[in-house]
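As a plain string of letters, each chain reads:
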Amino acid sequence: MMRKVRFVDPGRLYQTIKDEIDQAYFDVMTQGDLIDRSQLRDFEKNLAAFVGTKYAIGLNSGYDALHMSLRAAGIGPGDEVIVPAHTFVATCSAVVNVGATPVLVDVADDFNIDITKVEPAITSRTRGIIPVHLSGWMADMQSVMEIANKHNLFVIEDACQSLGSSINGKRAGSWGLTGCWSFYPFKMLGGYGDGGAITTDDEEVANFARRMRYNGEDRDSGEYYGHGFTCLLDNLQAAFLDVKLRHLPSWIARRKAIADRYRQALSDIPDLVLPHYTKPGFDHVYQNYTLRAKQGTVFSEHMKAHGVEVLTQFRKPYYRHERLKLLAGYFPGTEAISREVCSLPMAVEINDDEIDYVIETTLKFFGR
Ligand SMILES: *Cc1c(COP(=O)(O)O)cnc(C)c1O
């Protein structure tokens with residue numbers, strides 16, 4: 001019988017931490033702690049400590065984190081913000097939805113913003129850069145910060161895929177004005193529903209986000225500071241996320257072990273480019289194991305046909321979706337990546353036998 005390897009298996013992961021999750025649920029339910037209670041505060045404190053920032057503010061999603069960060073930076077109509085051409089669409093949509101103009105920049109071979117193309121994209125209207133740390137591997141933040149400081153721009157890190165990643169020990173989400181986080185179920189730290197957060201060292205930004213996520217209200221004084229939103233991280237989700245955050249270091253170690261297994265088995269296939277990069281000081285946490293296969297869709301279809309769930313984000317770059325009405329240019333790096341991307345199963349709940357089956361299925365495609 002053909003084997004099936006799932007891309008992620010949240011039910012199986014739950015079984016491994018069931019006692020702790022059930023206890024968190026029981027506590028929240030019996031105490032009736034539903035909105036903005038100690039579980040949220042505890043999780044925010046622990047998340048900030050993990051990332052290495054003074055503050056973390058729990059929000060409803062990664063999108064809300066980006067949106068709130070842009071508002072905190074005062075970015076709006078007439079402003080331009082630089083975003084990568086290869087990313088999840090939310091990075092760009094947040095810019096559009098505050099009335100600003102996204103300026104797309106191509107990505108390099110590591111799937112992150114091509115630093116050599118950032119400065120040429122800066123105009124007199126540019127106010128910020130949103131580098132994205134894709135798949136667990138950080139953008140070149142030293143260079144991004146240098147360019148931003150030189151041109152007096154805000155940096156908002158889209159760190160939604162890189163919790164725990166770092167450069168020379170300084171973690172993703174602690175470099176820019178804010179780091180934006182998503183706890184969408186399939187992220188490395190995923191809730192049982194939507195969730196997100198901002199991390200920041202800036203007290204004003206922290207206060208702004210805390211008020212605006214709650215209709216603009218300062219919860220101590222009852223004073224409204226502006227027309228806000230409803231995008232608070234759910235207290236029950238915060239309790240679950242706090243449980244999972246305790247496991248994250250060992251989960252990252254497991255991800256690295258899986259990545260290493262793939263590397264050892266697949267690195268001598270000429271038609272594959274594996275996501276192993278050598279940049280001194282950079283630490284990859286493998287949110288995704290996204291390789292490039294010269295055979296593109298033929299390869300990913302082979303994997304699916306043999307029962308291996310793979311992801312091909314994004315075969316069609318977001319700027320080519322006509323209804324988004326983006327005045328895009330041509331981004332050869334992004335276009336090439338889009339044709340070839342294929343993410344193999346990468347999750348802590350996938351066991352070694354399954355990883356070996358993924359490897360076997362890959363090797364079979366190349367006649368090995
Ligand atoms: C997941 C993700 C987001 C959006 O997160 P949501 O919580 O789904 O809103 C934004 N950017 C990147 C790079 C992501 O991977």
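About the criteria used
Residues numbered from 1 in each chain as written. Predicted model: local features only at pLDDT ≥ 70, side-chain atom pairs only at ≥ 80, totals over all residues. Heavy atoms only, no water. Domains from an automatic or database assignment. Buried area = accessible area lost by both parts, 1.4 Å probe. Salt bridge = Lys/Arg side-chain N within 4 Å of Asp/Glu carboxyl O. Polar contact = N/O pair within 3.5 Å; in protein donor to acceptor, adjacent residues only side chain to side chain. Helix = DSSP H or I, 4+ residues; strand = E, 2+ residues; numbered from the N terminus. Nonpolar A, V, L, I, M, F, W, Y, C, P; charged D, E, K, R; others polar. Buried < 20%, exposed > 50% of the residue type's maximum accessible area, 1.4 Å probe, protein only. Pairing = 2+ DSSP bridges. Core = buried A, V, L, I, M, F, W, Y, C linked by side-chain atoms within 4.5 Å. Near = heavy atom within 4 Å. Areas by Shrake-Rupley, 256 points an atom, 1.4 Å probe, with all protein chains shown as cover. Axes fitted to C-alpha atoms, helices over the stretch in contact; angles between N-to-C directions. Parallel < 35°, antiparallel > 145°, perpendicular 65-115°, else oblique. Left-handed = near helix turned anticlockwise from the far one by under 90°. Contact = heavy atoms within 4.5 Å.

Comments concerning the domain arrangement of the protein
Right, on to step 1. For the protein, the assigned domains are domain 1 (10-105 + 112-242) and domain 2 (248-365).
Right, on to step 2. Computed over C-alpha atoms, the centres of domain 1 and domain 2 are 24 Å apart.
Right, on to step 3. Summed over both sides, the interface of domain 1 with domain 2 buries roughly 2,800 Å², with 66% coming from carbon and sulfur.
Right, on to step 4. Broken down residue by residue, the surface that domain 1 buries against domain 2 is led by H86, W137 and M188, which jointly contribute 29%.
Right, on to step 5. Inspection of the region where domain 1 meets domain 2 yields 1 salt bridge.
Right, on to step 6. Note that R12 is salt-bridged to E354, the shortest N-O span being 2.8 Å.
Right, on to step 7. Remark: the boundary between domain 1 and domain 2 carries 13 residue pairs in polar contact (both at pLDDT 80 or more).
Right, on to step 8. Of all elements in the fold, only α1 (10-16), β2 (80-84), α5 (90-97), β3 (101-105) and β6 (166-167) reach the threshold of two or more residues within the side of domain 1 that touches domain 2.
Right, on to step 9. Among the residues forming the side of domain 1 that touches domain 2, the class breakdown is 21 nonpolar, 11 polar and 3 charged.

Looking at the pairing of strand β8 (residues 178-182)
Right, on to step 1. Summarising burial for β8: 5 of the 5 residues are buried, a large majority.
Right, on to step 2. Residue alternation in β8 divides its side chains into two sets, T178, C180 and S182 and G179 and W181, and both sets are buried.
Right, on to step 3. Summarising the sheet, strand β5 (residues 154-158) and β8 pair through 3 bridges and their orientation is parallel. Paired with E157 across the two strands is G179, which belongs to β8.
Right, on to step 4. In this structure, β8 lies alongside strand β9 (residues 196-200), joined through 4 bridges in antiparallel fashion.

A closer look at the nonpolar core
Right, on to step 1. With 55 residues, the main nonpolar core has F43, I82 and L163 as its most contacted residues.
Right, on to step 2. When contributions to this core are tallied by element, the ones reaching two or more residues are α2 (18-31), α3 (38-51), β3, α6 (141-151) and α8 (235-266).
Right, on to step 3. When residues in this core are grouped by element, the largest group, 9 residues, is from α8.
Right, on to step 4. Of the residues that make up this core, three or more belong to each of domain 1 (10-105 + 112-242) and domain 2 (248-365).

Some points on the site of the ligand
Right, on to step 1. With respect to spatial proximity, 14 residues lie near the ligand, and among them G62, D158, Q161, S182 and K187 are the closest.
Right, on to step 2. Within the side chain of S182, one N or O atom sits 2.6 Å away from an oxygen atom of the ligand.
Right, on to step 3. Here K187 contributes a side-chain N or O atom positioned 2.9 Å from an oxygen atom of the ligand.
Right, on to step 4. Within the complex, the protein chains bury 91% of what would otherwise be the 380 Å² of accessible surface of the ligand.
Right, on to step 5. If you list the elements that add at least two residues to the shell around the ligand, you get α4 (62-72) and α5.

Here's the deal with the pattern of salt bridges
A pair can form between side chains of opposite charge whenever their charged atoms are brought close.
Right, on to step 1. Scanning the entire structure with this criterion turns up 26 salt bridges.
Right, on to step 2. In this structure, the salt-bridge partner of D36 is R219, at a minimum N-O distance of 3.2 Å. Placement of D36 in the loop between α2 and α3 and of R219 in the loop between α7 (203-212) and α8 is noted, with a sequence separation of 183 residues between them.
Right, on to step 3. Here D36 falls in the buried class, since its relative accessible area comes to 9%.
Right, on to step 4. Judged by relative accessible area, which is 41%, R219 ranks as partly exposed.
Right, on to step 5. One salt bridge in this structure joins D110 and K279, with 3.5 Å as the shortest N-O distance.

Quick look at the sheet that holds β6
Right, on to step 1. The strand order across the open sheet formed by 3 strands is β7-β6-β11, and the pairing between neighbours is antiparallel. Because the sheet does not close on itself, it has two edges, and the strands there are β7 (170-171) and β11 (282-283).
Right, on to step 2. Direction of pairing for β6 relative to β7: antiparallel, over a ladder of 2 bridges. Bridge pairing in β7 links I167 to K170.

Here we look at the packing of α8 against helix α11 (residues 352-365)
Right, on to step 1. Contact geometry of α8 with α11 gives a least axis separation of 10 Å together with a crossing angle of 30°. When the axis of α8 is compared with that of α11, the two are roughly parallel. Crossing geometry of α8 relative to α11 is assigned as right-handed. Residue-level inspection shows R254, I258, R261, Y262, A265 and L266 of α8 in contact with α11, the latter providing D352, I355, D356, V358, I359, T362 and L363.

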